[in-house]
Every structure is written in structure tokens, then in C-alpha cells.
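# Descriptive structure summary
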Amino acid sequence: MRRKSINDLLSGSEDRPKTLGVFDLTIMGIGAIIGTGILVLTGIVAATDAGPGVIFSFLIAALASALIGLCYSELTTTIPSSGSAYVYSWVTMGEQIAFFSGWTLLGVYITTTATVATGWTGYVASFLKEMGIVLPSAIRYDPFNGGLINLPAVIIVLLITILLTRGMSESKVVNDILVLVKIGIILLFVIVGAFHLKPANWHPFLPFGVKGIFTGASTVFFSFLGFDALATSAEDCKNVQRNLPIAIIASLTISTILYIIVSLVMTGAVKYNLLDVPEAMSFVLISIDKPIIAQIVSFGAILGIIAVVLAFLYASSNIAMSMSRGGFLPPIFSKLNSKTKTPNRSLWLIGLITAVCSGLLDIKKLATFANVGSILIFFLISISVLLLRKQHPELKRPFKVPGGKVLPILSALGCIVLLTNLPGTAWLNYLGWLFIGVIFYFAYSKSHVTY
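Described below are features of the structure shown in this document. (Residues numbered from 1 in each chain as written. Predicted model: local features only at pLDDT ≥ 70, side-chain atom pairs only at ≥ 80, totals over all residues. Heavy atoms only, no water.)

Looking now at the overall build of the protein chain. Looking only at helices and strands, the protein chain features 18 helices and zero strands. Taking contacts inside the protein chain between residues at least 6 apart in sequence as the whole, the part at least 24 apart equals 84%. By element, 71% of the accessible surface of the protein chain is carried by carbon and sulfur atoms, the whole surface being about 16600 Å². (Helix = DSSP H or I, 4+ residues; strand = E, 2+ residues; numbered from the N terminus. Contact = heavy atoms within 4.5 Å. Areas by Shrake-Rupley, 256 points an atom, 1.4 Å probe, with all protein chains shown as cover.)

Pasting the structure below:
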């Protein structure tokens with residue numbers, strides 16, 4: 001089991017300009033965390049898994065994420081590299097686990113981004129329908145759902161890829177604006193919906209029992225992948241040792257509060273079993289006879305979801321760049337553009353694959369493995385904290401998880417509990433992606449890894 005030298009692993013990152021402050025990082029984290037969960041998953045999980053008890057699902061996921069967030073804070077301030085779990089596992093657990101981590105992250109980000117882009121199409125279609133414009137099924141749905149191509153999803157993925165290739169200075173301004181718009185429409189939904197609450201809709205509060213709460217927690221958990229998106233931004237951070245931990249904890253706190261409030265309003269305004277739709281917010285507002293507000297929220301969601309696509313494309317391209325540096329991917333993907341200092345080839349690699357998945361595949365089924373993959377990554381993060389302390393006690397740790405070994409162990413155990421509540425189909429989909437990775441590792445990566 002060969003492990004990578006920390007000094008060697010960090011080489012090559014000095015050319016990246018430091019453009020992200022604590023506000024930019026916090027906004028990026030919020031944008032990545034609250035996008036999929038609030039705008040796409042909340043209603044679906046309430047309808048199919050947890051009922052009004054979905055608030056407990058989010059609380060459980062948030063509690064586990066808080067522990068993981070602390071672990072991320074220690075690792076990212078100790079090893080400020082854009083590789084995230086891929087880097088930490090190579091330093092602590094060796095080459096094979098590093099490839100497993102990086103490959104898993106790439107799959108999770110690609111399918112999660114494609115899923116979000118598909119949800120974006122739903123909001124676009126809903127918005128246009130209220131204006132009397134009906135998108136043809138042929139360009140709205142993928143071939144597995146009765147169409148030819150999900151064209152809006154393809155277009156938005158490619159446009160965001162182009163934006164990111166222009167550099168983080170331009171991209172962060174757009175992202176900050178989009179996330180603030182998203183927070184604004186969420187608050188608008190809460191204020192309007194609060195006047196139409198019917199306590200009877202909260203009964204029964206746990207229609208699927210306690211098991212439904214944990215199933216829901218496992219389902220929404222990958223929504224908190226925004227932690228990893230922040231970790232991959234380490235090389236672009238100003239004062240990374242201070243700003244990154246603050247941004248991780250702040251984005252988690254704000255996002256969790258928003259999740260709980262939106263869940264209560266959504267299930268209080270409309271009976272939970274009616275919420276099995278990707279554009280639940282606009283559906284609720286139309287149901288309570290607020291079509292104009294629904295249009296405003298839909299338009300805001302159209303803009304807000306773009307922030308999630310931006311954050312995840314940015315994060316996954318950094319993973320690809322970092323894996324390329326280590327030899328797991330061809331060296332062309334670690335080249336930085338001479339003008340923008342962005343990994344444009346990695347951006348186009350991820351952007352094109354994501355666009356194809358968004359437009360042509362039944363991504364709703366394929367994306368179920370994102371739950372398995374993200375929880376496994378968080379498990380490795382928890383273990384990496386303990387291993388790095390033992391293997392490199394001399395390293396400077398500007399932030400350290402309090403409580404010694406207790407919190408990292410609790411974090412790992414929480415991941416195991418969530419993994420046991422995932423359906424078998426999610427595991428099968430994940431194993432299929434992993435099988436492709438094993439073939440690629442032995443065909444290319446194994447003979448090209450650099451030490």
C-alpha cells in the first residue's frame with residue numbers, strides 16, 4: 001500500500017490565484033447544499049419516504065453532516081489541496097483507495113449535476129407553461145422517458161461550463177448573485193405559504209414510521225455534498241486555514257434552518273402525498289391559488305439551480321485536475337489555461353459527460369448511486385482524520401476536530417447507519433460505476449501513477 005508524500009501532492013497548486021473569500025465560500029456552500037434538497041428533493045422525499053417527518057430526515061442528515069463538516073475542516077486546513085477525499089485517502093490509505101475515492105467523487109458529481117439539470121428543466125417547463133408555452137416532449141424528456149433529448153438541461157450545463165472556463169473571478173460574481181436570488185425566493189415561498197398552513201395536513205406526522213425518517217435521511221444526505229464542493233476549492237481560497245472552516249460551518253447552519261422551515265411550510269400547505277413532483281415549490285403555490293407568486297418562485301428557482309450546477313461542475317473539474325496530476329487520468333487534464341488559470345480541459349471533460357448524461361440518460365435512476373457514493377466518501381473523510389493524526393502528528397493543524405477521537409468515530413458510525421438504509425438498487429448502480437472504474441484503473445491508471 002503506497003501512500004503519497006504530502007509535499008509532492010501539494011506541488012503544482014501554487015499557480016492558482018487566490019480569489020475566494022469567506023463570503024464567496026459560504027455562498028458557494030449554501031448554493032451547493034440547498035439547491036437539490038429544497039428545490040427538487042423535499043417534496044419527493046415527503047411524498048415517498050417520510051411524510052411531514054421529513055424535517056427529522058433533514059435534521060439527522062444535518063447532524064451527520066455537522067460531524068463530517070468538522071472533519072473536512074481539519075483536513076482541508078491541514079492539506080489545502082483541490083483533490084478533497086481523493087487527496088486525503090492517497091496520503092493516508094494508499095493508491096487504490098485514492099483512485100476509488102476520486103472515481104466515486106467524479107461519478108457522484110456528474111450524476112448529481114445531471115439530476116439537478118433535469119430538475120432545472122422541470123422548473124423551466126412549469127414557468128413557460130404558466131405563460132402559455134408548452135415545451136415539446138421531444139426536447140424536454142430523455143429517450144427513456146418518451147422524448148429524444150432533454151435539451152434545456154444540455155444547454156445549461158454547456159453554458160455554465162463556458163462560464164467557468166473564463167475564470168473564477170467572473171464565475172464567483174455570477175454565483176453569488178444566483179445564490180442570493182435563490183435564498184430570496186425561498187424566503188418568499190416561506191412567507192406566502194405560512195399564511196396557508198393547515199395543521200390537519202401534518203397528520204399523520206410519521207406516515208411511514210421511524211424507518212421512513214431514516215430512509216429519507218439517507219436519500220437527502222447527498223444534498224449536503226456542498227461540503228466537498230468547498231473542500232475542492234482550497235487552492236482558490238484566501239487565508240484557507242481561517243476562511244474554509246468558517247464557510248463550512250456557516251453554510252451547513254444556514255442550509256439546515258432553511259430545509260426545516262421549507263419542509264414545514266410545504267407539508268403544512270399541501271398534503272404530503274401530493275408532493276411527488278420535482279418542482280414542489282411552484283406546485284404548492286399553484287395549489288394554494290398563488291399563480292403569480294408561483295411564477296416568481298419558478299423563475300428564481302431557474303436561476304438558483306444554476307448555482308448548484310456551477311458549484312458541482314467547478315468541484316468535479318478540480319477532482320479531475322487533481323487526479324490527472326497524480327497520473328490516474330491523462331496529464332492533459334491537469335493543464336491550466338495560461339490566461340484564466342483554470343483547468344479548462346478538465347472542465348470540458350466533465351461538462352461534456354454531464355451534458356450527455358443530462359440529455360440522453362434516465363438520470364433519475366442512475367443518480368441513486370450518488371447516495372451510496374457520497375456517504376462512502378464521507379465515511380473515508382472521517383477515517384482519514386484519525387489516520388492522518390497517527391501517521392503525521394507533526395503537521396500543523398490550524399483547525400482540529402474537538403473531543404479527540406470521539407467525533408470522527410461518531411461521524412463514521414453515522415455514515416454506516418445511513419448506508420444500511422439505502423435500497424439495493426442504489427448499491428447495484430454504484431457497483432456498476434465502480435466496475436467501469438476498475439477496468440480504467442488497470443487499463444491506464446495503474447501504469448501511469450506518479451510518486
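On we go.
Enumeration according to the criterion identifies 16 aromatic pairs in this entry. Relative to F378, the ring of Y72 has its centre 6.0 Å away and its plane inclined at 85 degrees; by these criteria the two rings are edge-to-face. Of the two residues, Y72 sits in helix α3 (residues 54-78) while F378 sits in helix α16 (residues 369-391), which places them 306 residues apart along the sequence. Like F378, Y72 is buried. Each ring, one from F99 and one from F328, has its centre 5.9 Å from the other, and the planes form 40 degrees; the classification is tilted. Of this pair, F99 sits in helix α5 (residues 95-130) while F328 sits in the loop between α13 (291-325) and α14 (344-360), placing them 229 residues apart in sequence. For the pair F99 and F328, a shared accessibility class is recorded, and that class is buried. One aromatic cluster in this structure is built from Y86, W90, F99, W103, F328, W433, F440, Y441, F442 and Y444. (Phe/Tyr/Trp six-rings, centres within 6.5 Å; stacked < 30°, edge-to-face > 60°. Buried < 20%, exposed > 50% of the residue type's maximum accessible area, 1.4 Å probe, protein only.)

Now for the packing of helix α12 (residues 280-287) against α13. Where α12 meets α13, the closest approach of the two axes is 8 Å, and the angle between their N-to-C directions is 170 degrees. Overall, the two elements α12 and α13 adopt an arrangement that is roughly antiparallel. Across from M281, S282, L285 and I286 in α12, the residues of α13 making contact are P291, I293, A294, V297 and S298. Of the residues belonging to the contact of α12 with α13, the class tally is seven nonpolar, two polar and no charged. (Axes fitted to C-alpha atoms, helices over the stretch in contact; angles between N-to-C directions. Parallel < 35°, antiparallel > 145°, perpendicular 65-115°, else oblique. Nonpolar A, V, L, I, M, F, W, Y, C, P; charged D, E, K, R; others polar.)

Counting 135 residues, the largest nonpolar core has I38, F189, M281 and F328 as the members making the most contacts within it. It is α13 that contributes the most residues to this core, 19 residues altogether. Other than its neighbours up to four places away in sequence, I38 contacts I186, L258, Y259, V262 and M281. (Core = buried A, V, L, I, M, F, W, Y, C linked by side-chain atoms within 4.5 Å.)

So, about unusual backbone geometry. Cis peptide bonds are those with omega within 30 degrees of zero, and the linkage from H203 to P204 qualifies with -5 degrees. Topologically, P204 is positioned in the loop between α8 (168-194) and α9 (209-220). Despite not being glycine, D289 has its phi angle at roughly 65 degrees, a positive value. Among the structural elements, D289 can be located in the loop between α12 and α13. D289 sits in the exposed class, given a relative accessible area of 61%.

Structurally, L159 is set in helix α7 (residues 151-164). A residue is classified by how much of its surface remains accessible, and L159, at 49% relative accessible area, is partly exposed. Sequence separation between L159 and I306 is 147 residues, and the spatial gap between their C-alpha atoms is 9.9 Å.

Another aspect to go through is the pattern of salt bridges. If you walk through the whole model with that rule in mind, you get two salt bridges. A salt bridge links R397 to E74, with the shortest nitrogen-to-oxygen separation between them at 3.6 Å. In this pair, R397 sits in the loop between α16 and α17 (406-419) while E74 sits in helix α3, placing the two residues 323 residues apart along the sequence. The buried category is assigned to R397, whose relative accessible area is 16%. Here the residues in one salt-bridge network are E74, R389 and R397, joined through shared partners. (Salt bridge = Lys/Arg side-chain N within 4 Å of Asp/Glu carboxyl O.)

These figures capture arrangement, not role.
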